[in-house]
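Residues per chain are reported as follows:
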There are 4 protein chains.
Amino acid sequence: MKIKKFKNKSFNSTKSIHSNCGVFGVYNNPDASVLTYYGLHALQHRGQEAAGIVSCEPEHKGIKSKFNIHKDLGLVLSVFADDKILTDVLKGTSAIGHTRYSTTGSGDNKNNIQPFKVNYKDGNLALSHNGNLTNTNFLRNKLQNEGTIFQTTTDSELILHLIAKSREEDIVNKLLDSFSQVTGAFSICILTDDKLFAVRDPHGVRPFCFGKVDNSFVFSSETCALDIINAEYIREVNPGELIMIDRESVTTGKEKSFRISEVGQYKHCIFEYIYFSRPDSTVFGEKVDKVRRKIGKNLALESPPPVKDNEEEKKIGVINVPDSSNTATLGYFNEAVKTNKDIKHEIGLIRSHYVGRTFIQPGKDKRKMKVKTKFNTVKGVINNRKIVVVDDSIVRGTTSKLLVELIKKAEPKEIHLKVTSPPIISPCYYGMDFPSAEELIANQHDSNVEGIREELGVTSLFYLSTEKLLDSVPYSDPKTGYCTACFTRDYPIQIEGLEKMKKEQFDD
Amino acid sequence: MKIKKFKNKSFNSTKSIHSNCGVFGVYNNPDASVLTYYGLHALQHRGQEAAGIVSCEPEHKGIKSKFNIHKDLGLVLSVFADDKILTDVLKGTSAIGHTRYSTTGSGDNKNNIQPFKVNYKDGNLALSHNGNLTNTNFLRNKLQNEGTIFQTTTDSELILHLIAKSREEDIVNKLLDSFSQVTGAFSICILTDDKLFAVRDPHGVRPFCFGKVDNSFVFSSETCALDIINAEYIREVNPGELIMIDRESVTTGKEKSFRISEVGQYKHCIFEYIYFSRPDSTVFGEKVDKVRRKIGKNLALESPPPVKDNEEEKKIGVINVPDSSNTATLGYFNEAVKTNKDIKHEIGLIRSHYVGRTFIQPGKDKRKMKVKTKFNTVKGVINNRKIVVVDDSIVRGTTSKLLVELIKKAEPKEIHLKVTSPPIISPCYYGMDFPSAEELIANQHDSNVEGIREELGVTSLFYLSTEKLLDSVPYSDPKTGYCTACFTRDYPIQIEGLEKMKKEQFDD
Amino acid sequence: MKIKKFKNKSFNSTKSIHSNCGVFGVYNNPDASVLTYYGLHALQHRGQEAAGIVSCEPEHKGIKSKFNIHKDLGLVLSVFADDKILTDVLKGTSAIGHTRYSTTGSGDNKNNIQPFKVNYKDGNLALSHNGNLTNTNFLRNKLQNEGTIFQTTTDSELILHLIAKSREEDIVNKLLDSFSQVTGAFSICILTDDKLFAVRDPHGVRPFCFGKVDNSFVFSSETCALDIINAEYIREVNPGELIMIDRESVTTGKEKSFRISEVGQYKHCIFEYIYFSRPDSTVFGEKVDKVRRKIGKNLALESPPPVKDNEEEKKIGVINVPDSSNTATLGYFNEAVKTNKDIKHEIGLIRSHYVGRTFIQPGKDKRKMKVKTKFNTVKGVINNRKIVVVDDSIVRGTTSKLLVELIKKAEPKEIHLKVTSPPIISPCYYGMDFPSAEELIANQHDSNVEGIREELGVTSLFYLSTEKLLDSVPYSDPKTGYCTACFTRDYPIQIEGLEKMKKEQFDD
Amino acid sequence: MKIKKFKNKSFNSTKSIHSNCGVFGVYNNPDASVLTYYGLHALQHRGQEAAGIVSCEPEHKGIKSKFNIHKDLGLVLSVFADDKILTDVLKGTSAIGHTRYSTTGSGDNKNNIQPFKVNYKDGNLALSHNGNLTNTNFLRNKLQNEGTIFQTTTDSELILHLIAKSREEDIVNKLLDSFSQVTGAFSICILTDDKLFAVRDPHGVRPFCFGKVDNSFVFSSETCALDIINAEYIREVNPGELIMIDRESVTTGKEKSFRISEVGQYKHCIFEYIYFSRPDSTVFGEKVDKVRRKIGKNLALESPPPVKDNEEEKKIGVINVPDSSNTATLGYFNEAVKTNKDIKHEIGLIRSHYVGRTFIQPGKDKRKMKVKTKFNTVKGVINNRKIVVVDDSIVRGTTSKLLVELIKKAEPKEIHLKVTSPPIISPCYYGMDFPSAEELIANQHDSNVEGIREELGVTSLFYLSTEKLLDSVPYSDPKTGYCTACFTRDYPIQIEGLEKMKKEQFDD
């Protein structure tokens, strides 16, 4: 069956505003908020639009604790520019943090910045969430009909209401009760007056890891945030697992584990390996840089570089798009050079260090300007030469077009664009900030690669196949699987209203 | 019975953070937020710690509207320093605003800044509140036990939950249902997607007025905010009344009136006349400046100025504390001069225009510095002369002591301090930001005026009697009465836990 | 000769940007910059557009000192909002400060904010200037031709160049040499590495006083800044005097005095008494409040209030425009009431405390908005009654028109406007920020009071005569005289280019 | 002769505060300041402490122009965060910009931010300077003795004074006269009311290029700033050349060239090739990336990587320090792999994109924190393996020590550190921000490489020889030469006081 163009403009209602984000939590450390600050710094690539920390200060007299909060729009560096916020305001021995990356439009809504901090019957509660719930409308309607008011437009707020409304006695059962009602993708830190929880959806869509430093417990979206604070990586927060850290954990050195669901099929987001996670992190049980090199290798096997036309011709330059395709390009080159001595790994694009990651800046116009100021070509490397450019993905095509335009000014003989992912034809409903189907260039072209090639204006264009992509990632466990919906439209977790809409789209 | 010292340190729990504040609302005006901005400006004296506006923009397509919000710590002038906020962000044809004045400590909590804006089953909801609820703990416990989460520490948030949870069908009944559950003092504006409501507690503790400008409807804490936008004063929002303005009101030019309770005894805050309201406002049906002059007159009758010891002596200077006692001093002087030609009205204290109202700045140290920089004496007026200083009230005594110290540097012969209110011996639980009983100087001295006089260091000290105070205010309606609890400890509206505590304090 | 309309549009070139300002200096105090901060606070009414402080920190090792500086646009309160600037940045034992009030347009130029701080052959030099030089063009051309570069557009910078270029050996002679070259109005503080100087023009146009607190020496534009820091007023800085404070002064407790010119005729700015100086200050050797009351008294003698038409009529209300005419109104009322028992002193205008002084805010539109939000009427006082309004001056007429408009909304029977100054018909070239002649309403009407009355829309209008104004000010010294040029066009100090222009205007 | 330790602590007086910086200028473009903004963005790596732009707006009537200025501490992105500054404030058709990088301590002095803008006899003048003058004290003393005042502590201000004081008639001769008096390193843009000048010192120490876009003329420190605005590279501003662009240039399309000195020996800063310039720039007539690869190649020839101990051992990992050694590492690897198949190019260090360039952040403590948050290791690449790290230089050693510490946590078998420059043993007096000699690790160890190796804690340490470094750079012109003083203490341009001091140090 040929996959047809997918129109989902009217389908935005279920899409909540927080998309890929970074979460972090620490328990039992006198510098809890400072560690969280560094952790958020390491997770900055997962969201540079807003950042926040909630710390918990155990009260000297009573049982209950004092929760402190600071959050704002901006990079971690600027939100916490005043050192005193960490030392004087965010006092306490446990803390959770969040770094946010939102879709266009709602991005400026200060109310939606996480962590959220509320008060309920049993005390304080704070929450940081990475991922996206998929039964938001159902839950929101249900809660509203019960007389609930909402102060944000996020799905994360729903969880807080579920917890507060749960009729279970203790907090663990309240959480198990609450998470049994939500579907979708979530890696969540929850801070209470005396405990820290980490919970991950049954499919393990987003990464989530658990570590320790001295006698402190740490949770983080990626392991790179453990490294920055010299924490030891212990293990993943397992899909479907709820981990509790309390006073007893400090004594025993052990976390307590609960299950929010039976063990099911894992559906890790394969795009975390392609682009989102940092190469120095371990996610889904494997080092990202290793997977990314394998991806590059497989790309070389599927689509090797061209050869020289004659002896006089300069060697073919294999260039990376810094820094997102650095590792994959190395993998591509090392494999390709085995059979093709005509190629040379070159630095053909220079990136300015003073502007952020393209993918991450919401708003179309801003993205355009960033690309203009972000890269420059090394003309001597590109000029009058065949060039292989290894890039990680093509979403709207806007960035790629600007990049190709830029490279062409340096007058290469040919541009061969090799992409380390299959064509992206469908939006993500599990937390990745892809645009609507209609904005995706591969969907616009009905996955017709030749049409895309022509639009981008390159000599050749090759996308890694889904098969080779899956071959690049670890399959150690029979339960382990991946979500590839953005390439295949095969959505593993049910999404409200999607079936009905797909029916309308594809059954005619 | 001698009134004994009153200790209420442990009684802070029921005291919520917003105290005297200004509220404002406008319906059916293309410049709704600009009018609100000016209105808040005129109400700035009711709270200079934070300010905010929520505007409602009727959507072009659907039924529901878009709510816009901007609020922050600071004066109205600085919160809306960027003009574009009013024109580009706060678009819409209706709006409500709030200017806040909070007690020490919680003042910095940005979460507590009003108006509050939430979303519930039937759409958007925003609220501005002046006053204080007195069954907060009861309601909060009840709501928490039903699984409600709280994002602020204010009593105002409770009202939003009650509305959302009401099982009544339409909004009017939801409001009547909700307000039947709360006790205390409240003048509240509520904005929905297509209506504006004003509601006032059955006792009419805080002022609240209703006006019109062209075809627009306006609510405001005081009439001075009607004046600034050239609106016409129509009438009070009556105690126990709920006024609704909707599309139909625009056509008919009429508001719709409902009652949240039967008509009972009015208990207007008499301190609004003494100090809080602006002299150019009409509150509780009477011009403030008129009442304040009567108060001055009565003070002169009770405690006339001294006479000269001999012919050579300079005339006795009657001086006001600018600007809070200006009007009362005029009343005092005009009465006193009838029988004592030895006196002269003088300007003996100069006030800097670049610092705010003493009473209003939270934090003890800040208050001290403000006084130092706020007044200066006119030495030629004070030096070597008997001085009568008319002041409005003595709370902690800190400000008065600094003022006396300042005046003494100009070396008067005598200082006679006349106060236009009785001794303040008990906190306010209805929205006035008085400190705890233990901090009140008159309570510390068991209302022993001689002791207070000695502590302040003045030649003589006189407080207006409660009888003469009540004689100064209008009594046109048999239902009309006043709350004088801060002078008498006679709290007209029940306060949670107060009875029990009073019992412990006074029955031994 | 009838004084004709005066056109000076093309005459702006000689008018430098800093106009009336406040200067302050302190020597030998561990908290020099804190005292200066308070001093500037007290002088805030002399300029609310920008503020700055330079402090001098004697170096531990060498002879030379370290100069620290902080200045910015805004009120003193906001420029030094961060306390640490005073304690951590502006360290030292001597300091000078400046608060600025500039004409429209150049007001935003940050470069022009004082104090200026430079380095020259003999070390550091900082300067604060109140007044206006009148041979600016001559000096600027001369200096430019010698190869001097200018970093500001102020006349004050010229003085620094003159000092640095002086061929005299020691600093005193350099200063005497420099000030012998400038004409105009100036009250200046100069700070060097080890000395503090105060210098005032030979005519003493602007006020300047000298005081002491403990063993510290203080200079200030007005005495109210001595009061705020509890300093003792010693004497005026005399016209034509240069006072030096150095290490030896600390030992002897004595200042050293030099003369920059022979003793000539004093030409104090009479407008300082009418409006600019604070009533609690002593300037030109007399208490401002005393002079201002005498002005009010003389106004009452020249133009008493009306009488009642019949017995039933309410007493005529005499109202002040707060706070600028408070003192004069008291003087007016006390004199008038002697012969007219039909009048009553009333508070008919209420002023908001959260906006600045009208006169002081540059930019026409801003001024308009400020008036709208600044005053409100007390309707009960004004309604259906004859009103006498005592105001200090009418410049453009804009403010007066808005005020009259406002009062009329309260529907008085009549408005009698009494002005405590003669008609302002000519600009000030000595530091007062009056607009060009063409903008002055009295000049527009060729001093025809009836025409002005009609334009303002009042029942009657009366300006104090120049004779009675002069009768109100002290004449203790035969040398003492006043500049009344703004009322008489009689400019006592020569102004570049003025003669030529006047010739063109008046000789035809 | 053995080069002994060099103590220059007392020698700081001649060192002025601006060090390596970026300059930019554009003439005849309606978006002059926007182009400058983008140009500064591309030059951000040359100074991230402060940024500024002066634009020139030709007046509609007269001959003279209006100069506008905006400058502040911070990155280009934040200084011009408000778009309106570029469009509404910095209007005009010509502009110059500056991005600053200063030494510790003086960095916070706002006065020193460039461009400087002044007014002198012939009109406006603005200046941006990269480099360092070496006869600063002589000039400053001379100027001060002539009565000049200084508002900054920079050497750049001296040039403005020289121009204004020159007795030459026209601006070109004034400039030739002025630059004949200064020695040292300078690449300078000067803007006048109707002309733009570029001038470079006779030795061409700092880079400076000239380009065109449409009919506009552009000057820039590096060619990467031409690329960002799509300007065409025309040629270098030649050493000793003064280029003038005026109205006539616009017509003819030609610049006008003058000489400030006879053609002498070029002394290009070789460190621009090693570290400072961007790899995509062309400086001193050669592509930086080409030179940097040659440097890497030569390093490999001098110091090849180790071989495997046995077959089982993993391949030796050659890793770059991102991004400063990326290009050189590629050159090193490509050469080394020819003879050693045991090596593999790896990405072993990941750099965060949200913090700036280490070298560039003044203040020791800040530098330390930046390194901690800037890099992370890819553990799988480093663990249990021999590692060759190619780095560009070792200055204090602080950064290198932290880096080695970080790598060691990933537990490599060996760390071989290869440095693409010789040991830095002596400060730069021509504009590079090296610390004093005593802080240089190589100077501390008397260039004893074994001692440094031990201190850093690496298996082996190798510095590129000066000979091989010189072999890597272009020698196309006999006049072309390089300054290598930081490696050799052979200072090609005379420095005030240096000889005397060197004598004291080395002749004993």
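Residues numbered from 1 in each chain as written. Chains lettered and ligands numbered in written order. Predicted model: local features only at pLDDT ≥ 70, side-chain atom pairs only at ≥ 80, totals over all residues. Heavy atoms only, no water.

## Here we look at the overall build of chain A
Reasoning step 1: Scanning chain A for helices and strands turns up 19 helices and 24 strands.
Reasoning step 2: The buried share of chain A, reckoned over its 508 residues, is 67%.
Reasoning step 3: Sequence-distant contacts, at least 24 apart, represent 72% of the contacts inside chain A between residues at least 6 apart.
Reasoning step 4: Looking at chain A as shown, the accessible area adds up to about 17800 Å², and 49% of this sits on carbon and sulfur atoms. (Helix = DSSP H or I, 4+ residues; strand = E, 2+ residues; numbered from the N terminus. Buried < 20%, exposed > 50% of the residue type's maximum accessible area, 1.4 Å probe, protein only. Contact = heavy atoms within 4.5 Å. Areas by Shrake-Rupley, 256 points an atom, 1.4 Å probe, with all protein chains shown as cover.)

## Quick look at the packing of helix α5 (residues 156-165) of chain D against helix α6 (residues 171-179) of chain D
Residue and element names in this part refer to chain D.
Reasoning step 1: Closest axis-to-axis distance for the α5/α6 pair is 8 Å, and the angle between their directions is 130°. By the angle class used here, α5 and α6 are oblique. Considering the relative orientation of α5 and α6, their crossing is right-handed. Across the interface between the two elements, Ile159, Leu162 and Ile163 of α5 pack against Ile171, Lys174, Leu175, Ser178 and Phe179 of α6.
Reasoning step 2: Of the residues contributing to the contact of α5 with α6, the split by class is six nonpolar, one polar and one charged. (Axes fitted to C-alpha atoms, helices over the stretch in contact; angles between N-to-C directions. Parallel < 35°, antiparallel > 145°, perpendicular 65-115°, else oblique. Left-handed = near helix turned anticlockwise from the far one by under 90°. Nonpolar A, V, L, I, M, F, W, Y, C, P; charged D, E, K, R; others polar.)

## A closer look at the side chain of Ser187 of chain B
Reasoning step 1: Here Ser187 of chain B lies in strand β7 (residues 184-192).
Reasoning step 2: At 3.4 Å, the side chain of Ser187 of chain B and the backbone oxygen of Arg206 of chain B are in polar contact. (Polar contact = N/O pair within 3.5 Å; in protein donor to acceptor, adjacent residues only side chain to side chain.)

## Some details on the packing of helix α10 (residues 288-302) of chain A against helix α11 (residues 326-336) of chain A
Residue and element names in this part refer to chain A.
Reasoning step 1: Relative to each other, α10 and α11 sit at 45°, their axes nearing to 7 Å. In terms of their interaxial angle, α10 and α11 are classed as oblique. In the packing of α10 onto α11, the handedness of the crossing is right-handed. Contacts from Asp289, Arg292, Arg293, Gly296, Lys297, Leu299, Ala300 and Leu301 of α10 reach α11 at Thr327, Ala328, Gly331, Tyr332, Glu335 and Ala336.
Reasoning step 2: For the contact of α10 with α11, a count of residues per class yields six nonpolar, three polar and five charged.

## A short note on the domain arrangement of chain A
When the parts of a complex come together, some accessible area is lost, and that lost area is often used as the size of the interface.
Reasoning step 1: Structurally, chain A comprises domain 1 (21-263) and domain 2 (289-353 + 361-472 + 496-507).
Reasoning step 2: For domain 1 of chain A and domain 2 of chain A, the distance between their C-alpha centroids amounts to 35 Å. (Domains from an automatic or database assignment.)

## Considering the environment of Asp289 of chain C
Reasoning step 1: Counting through the fold element by element, Asp289 of chain C comes out in helix α10 (residues 288-302).
Reasoning step 2: For the pair Asp289 of chain C and Ala328 of chain C, spaced 39 residues apart in sequence, the C-alpha to C-alpha distance is 8.0 Å.
Reasoning step 3: In this view, Asp289 of chain C contacts Val378 and Val381 of chain B together with Pro279 and Thr327 of chain C; residues no more than four positions away in its chain are not counted.
Reasoning step 4: At 2.8 Å, the side chain of Asp289 of chain C forms a polar contact with the side chain of Arg293 of chain C.

## As for helix α11 (residues 326-339) of chain C
An α-helical turn contains 3.6 residues, so any two residues separated by three or four positions project in the same direction.
Reasoning step 1: Under the 1.5 Å per step criterion, the end-to-end length of α11 of chain C is 21 Å for 14 residues, consistent within 8% with the ideal 20 Å.
Reasoning step 2: In terms of burial, α11 of chain C is largely enclosed, as ten of its 14 residues are buried.
Reasoning step 3: Asn326, Thr327, Ala328, Thr329, Leu330, Gly331, Tyr332, Phe333, Glu335 and Ala336 of chain C are the residues of α11 of chain C that are buried.
Reasoning step 4: The secondary structure elements touched by the buried residues of α11 of chain C are β18 (343-346) of chain B together with α10, β17 (316-320), β18 (343-346), β21 (386-391) and β22 (414-419) of chain C. (Expected span 1.5 Å × (residues − 1).)

## Considerations on the sheet that holds strand β10 (residues 216-220) of chain A
Residues and elements named next belong to chain A.
Reasoning step 1: With respect to topology, seven strands assemble into an open sheet ordered β3-β2-β4-β1-β10-β9-β11, the strand pairing being antiparallel. Unpaired on one side and paired on the other, β3 (65-73) and β11 (232-236) mark the two borders of the sheet. Direction aside, the axes of adjacent strands within the sheet are offset by 15° on average.
Reasoning step 2: Contacts between helix α1 (residues 32-42) and the sheet are confined to β1 (22-27), β2 (50-58), β4 (94-100) and β9 (209-213), with β4 contributing the most and set at about 25° to the helix. (Pairing = 2+ DSSP bridges.)

## Section: the relation of the copies chain D and chain A
Reasoning step 1: Of the transformation superimposing chain D on chain A, the axial component is 0.0 Å and the angular component is 180°, with the fit at an RMSD of 0.1 Å. Such values leave the two copies arranged in the relation of a two-fold axis.
Reasoning step 2: A shared interface surface links the copies, since 100% of the contact residues of chain D are contact residues in chain A too. (Least-squares fit on C-alpha atoms with pLDDT ≥ 70 in both.)

## Quick word on the interface of chain D and chain A
Reasoning step 1: Tallying the contact residues gives 45 residues for chain D and 45 residues for chain A.
Reasoning step 2: Each partner contributes to the roughly 4100 Å² buried at the junction of chain D and chain A, and carbon and sulfur atoms together form 59% of this total.
Reasoning step 3: Where chain D touches chain A, the interface holds four salt bridges.
Reasoning step 4: Close ionic contact of Glu346 of chain D with Arg293 of chain A constitutes a salt bridge, the shortest N to O distance being 2.7 Å.
Reasoning step 5: Run the count over chain D and chain A and you get ten residue pairs in polar contact (both at pLDDT 80 or more).
Reasoning step 6: Looking at the side of chain D that touches chain A element by element, the count peaks at four residues for helix α11 (residues 326-336) of chain D. (Buried area = accessible area lost by both parts, 1.4 Å probe. Salt bridge = Lys/Arg side-chain N within 4 Å of Asp/Glu carboxyl O.)

## A closer look at the relation of the copies chain B and chain C
Reasoning step 1: Take chain B, turn it by 180°, move it 0.1 Å along the axis, and it overlays chain C with an RMSD of 0.1 Å.
Reasoning step 2: In this assembly the copies share their binding face: 100% of the residues contributing to the interface of chain B also contribute to that of chain C.

## A look at the packing of aromatic side chains
Reasoning step 1: As enumerated under the stated definition, the model contains 56 aromatic pairs over all chains in all.
Reasoning step 2: Relative to Tyr482 of chain A, the ring of Phe284 of chain A has its centre 6.4 Å away and its plane inclined at 75°; by these criteria the two rings are edge-to-face. With Phe284 of chain A in the loop between β15 (282-283) and β16 (286-287) and Tyr482 of chain A in strand β24 (residues 482-483), this residue pair connects regions lying 198 residues apart in the sequence.
Reasoning step 3: For Phe284 of chain A, a relative accessible area of 8% corresponds to the buried category.
Reasoning step 4: Judged by relative accessible area, which is 6%, Tyr482 of chain A ranks as buried.
Reasoning step 5: Each ring, one from Tyr273 of chain B and one from Tyr482 of chain B, has its centre 6.2 Å from the other, and the planes form 50°; the classification is tilted. In this pair, Tyr273 of chain B sits in helix α9 (residues 270-276) while Tyr482 of chain B sits in strand β24 (residues 482-483), placing the two residues 209 residues apart along the sequence.
Reasoning step 6: With a relative accessible area of 0%, Tyr273 of chain B lands in the buried category. (Phe/Tyr/Trp six-rings, centres within 6.5 Å; stacked < 30°, edge-to-face > 60°.)

## Side note on the pattern of salt bridges
Residue and element names in this part refer to chain B.
Reasoning step 1: This model, assessed by the stated rule, comprises 99 salt bridges over all chains.
Reasoning step 2: With a shortest N-O distance of 2.8 Å, Arg200 and Glu236 are connected by a salt bridge. Residue Arg200 is located in strand β8 (residues 196-200), and its partner Glu236 is located in strand β11 (residues 232-236); the two are separated by 36 residues in the primary sequence. Neither Arg200 nor Glu236 differs from the other in exposure class; each is buried.
Reasoning step 3: Close ionic contact of Asp323 with Arg351 constitutes a salt bridge, the shortest N to O distance being 4.0 Å. You can see Asp323 sitting in the loop between β17 (316-320) and α11 (326-336) and its partner Arg351 sitting in strand β19 (residues 349-351), a full 28 residues away along the chain.

## A few points about the side chain of Arg278 of chain C
Reasoning step 1: Counting through the fold element by element, Arg278 of chain C comes out in the loop between α9 (271-276) and β15 (282-283).
Reasoning step 2: By relative accessible area, Arg278 of chain C is classed as buried at 11%.
Reasoning step 3: Ignoring sequence-local partners within four residues, the contact set of Arg278 of chain C consists of Ile350, Ser352 and Asn376 of chain B together with Ala42, His45, Glu222, Cys224 and Val288 of chain C.

## Description of the interface of chain B and chain C
Reasoning step 1: Between chain B and chain C, the residue contacts involve 45 residues of the former and 45 residues of the latter.
Reasoning step 2: Of the roughly 4000 Å² buried between chain B and chain C on both sides combined, carbon and sulfur atoms contribute 59%.
Reasoning step 3: Between Lys379 of chain C and Asp227 of chain B there is a salt bridge, and its shortest N-O distance comes to 3.0 Å.
Reasoning step 4: Along the contact surface separating chain B from chain C lie ten residue pairs in polar contact (both at pLDDT 80 or more).
Reasoning step 5: Broken down by element, the side of chain B that touches chain C gets its largest block of residues, four residues, from α11 of chain B.
Reasoning step 6: Residue composition of the side of chain B that touches chain C, by class: 15 nonpolar, 16 polar and 14 charged.

## Some thoughts on the pairing of strand β6 (residues 123-133) of chain A
Residue and element names in this part refer to chain A.
Reasoning step 1: The buried count for β6 comes to eleven of eleven residues, which makes it a mostly enclosed element.
Reasoning step 2: Here five bridges tie strand β5 (residues 116-120) to β6, and the two strands are oriented antiparallel to one another. From the neighbouring strand, Lys117 faces β6, where its bridge partner is Ala126.
Reasoning step 3: Here β5 hands over to β6 after two residues, the two strands then running antiparallel side by side.
Reasoning step 4: Judged from the nine bridges that link them, β6 and strand β7 (residues 184-192) form a sheet pairing that is antiparallel. Directly across from Ser128, in β7, lies its bridge partner Cys189.

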